[in-house]
Amino acid sequence: MSIGLLERGQLALQSQRFSSLLGARLTTLYPGKACLELPVDEHHEQQHGFVHGGVISYLADNTLTFAAGSILGDCVTSEFKLNYVRPVVGSSLLIAEAEVIASGKSQAVCRCEVYFVKDGQRKLCAAAQGTIRRIE
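This report concerns the structure included in the present document. The numbering scheme is per chain: residues are counted from 1 as the chain's sequence reads. Totals for whole chains, interfaces and linings use every residue, but because this is a predicted model, local features are given only for residues with pLDDT of at least 70 and side-chain atom pairs only at 80 or more, for both listing and counting. To get the side-chain values, all heavy atoms of the structure are used, and hydrogens and water are removed first.

## Focus: the pairing of strand β4 (residues 93–103)
What counts, and what does not: When DSSP finds two or more bridges between a pair of strands, those strands are recorded as paired. Secondary structure elements are taken from DSSP: a helix is a run of H or I of four residues or more, a strand is a run of E of two residues or more, and numbering for both begins at the N terminus.
Pairing of strand β2 (residues 33–39) with β4, which is carried by 7 bridges, proceeds in the antiparallel orientation. By the bridge assignment for β4, Leu38 is matched with Leu94. Pairing analysis gives 10 bridges linking β4 to strand β5 (residues 107–118), with the strands arranged antiparallel. Looking at β5, one finds that Glu99 is bridged to Arg111. Two successive antiparallel strands, β4 and β5, enclose a turn made up of 3 residues.

Structure, rendered in structure tokens:
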């Protein structure tokens, strides 16, 4: 029995030790789109009580790569840019959603938005765009 795209992606995420350390979960994966979630706790915060920018950056980077990987197969980030929109304070969940906006045989350009959930509402905290290359 073959497994679906989401299940293959979840196995790949489980094999990433850093992702397991942070507690990331792949919740959506279909051709050209991916969503990762990360439950937030005090270990993710920096000295001002905000979620550390590196945690948000990790989530955007990995979600971009999963979106591209859903089309290209095994791939890595070539480059990406991240804009922080607002600090994350008092949230228990981060959600990153990425989509492929252009792709060829060996690379894809993807866009990602990272949200936090507070008081039952999603709020944008970061936006990213990146180029993802297939591993030959």
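## Thoughts on the environment of Ala128
For clarity, the threshold we go by: Any two residues having at least one pair of non-hydrogen atoms within 4.5 Å are treated as being in contact.
Among the structural elements, Ala128 can be located in strand β6 (residues 121–134). Through-space distance from the C-alpha of Ala128 to that of Ser57 is 8.6 Å; in sequence the pair is 71 residues apart. Residue contacts for Ala128: discarding those within four places in its chain leaves Ala60, Leu64, Phe80, Lys81, Leu82, Cys110, Arg111 and Cys112.

## A closer look at the packing of aromatic side chains
The line we're drawing: Pairing of aromatic rings covers Phe, Tyr and the six-membered ring of Trp, with a centre-to-centre limit of 6.5 Å; geometry is then stacked below 30 degrees between planes, edge-to-face above 60, and tilted otherwise. The buried label applies to any residue whose accessible area, calculated with a 1.4 Å probe on protein chains only, is under 20% of its type's maximum; exposed applies above 50%, and partly exposed to all values in between. Should the NZ of a Lys or the CZ of an Arg lie within 6 Å of a ring centre and within 35 degrees of the ring normal, that charge is described as sitting over the ring.
As enumerated under the stated definition, the model contains 1 aromatic pair in all. Ring geometry for Phe18 and Tyr58: centres 5.6 Å apart, planes at 85°, overall edge-to-face. Here the residue Phe18 occupies a position in helix α2 (residues 17–22), and Tyr58 occupies one in helix α3 (residues 53–72), the gap between them amounting to 40 residues. A relative accessible area of 10% places Tyr58 in the buried class. In this structure, Arg122 packs its charged tip against the face of Tyr115, placed 4.1 Å from the ring centre.

## Describing the nonpolar core
Note the following rule: Here, the term nonpolar core denotes a set of buried Ala, Val, Leu, Ile, Met, Phe, Trp, Tyr and Cys residues that are joined through side-chain atoms within 4.5 Å.
Core analysis: the largest hydrophobic core is formed by 36 residues, its most contacted members being Leu36, Ile56, Leu59, Leu94, Cys112, Val114 and Cys125. Secondary-structure elements contributing two or more residues to this core are β1 (25–30), β2, α3, β3 (75–84), β4, β5 and β6. Broken down by element, the residue count for this core peaks at 10 residues, all from α3. Residue contacts for Leu36: discarding those within four places in its chain leaves Leu13, Ala24, Arg25, Leu26, Tyr58, Leu59, Asn62, Thr63, Phe66, Leu94, Ile95 and Ala96.

## Here we look at unusual backbone geometry
The phi dihedral of Asp119 is positive, around 55°, even though this residue is not glycine. Along the chain, Asp119 falls in the loop between β5 and β6. Taking relative accessible area as the criterion, Asp119 reaches 74% and is therefore assigned exposed.

## Notes on the environment of Ala24
Relative to the elements of secondary structure, Ala24 occurs in the loop between α2 and β1. For the pair Ala24 and Arg133, spaced 109 residues apart in the sequence, the C-alpha separation amounts to 22 Å. Leaving out residues up to four positions away in the same chain, Ala24 has contacts with Leu13, Ser19, Leu36, Glu37, Leu38 and Tyr58.

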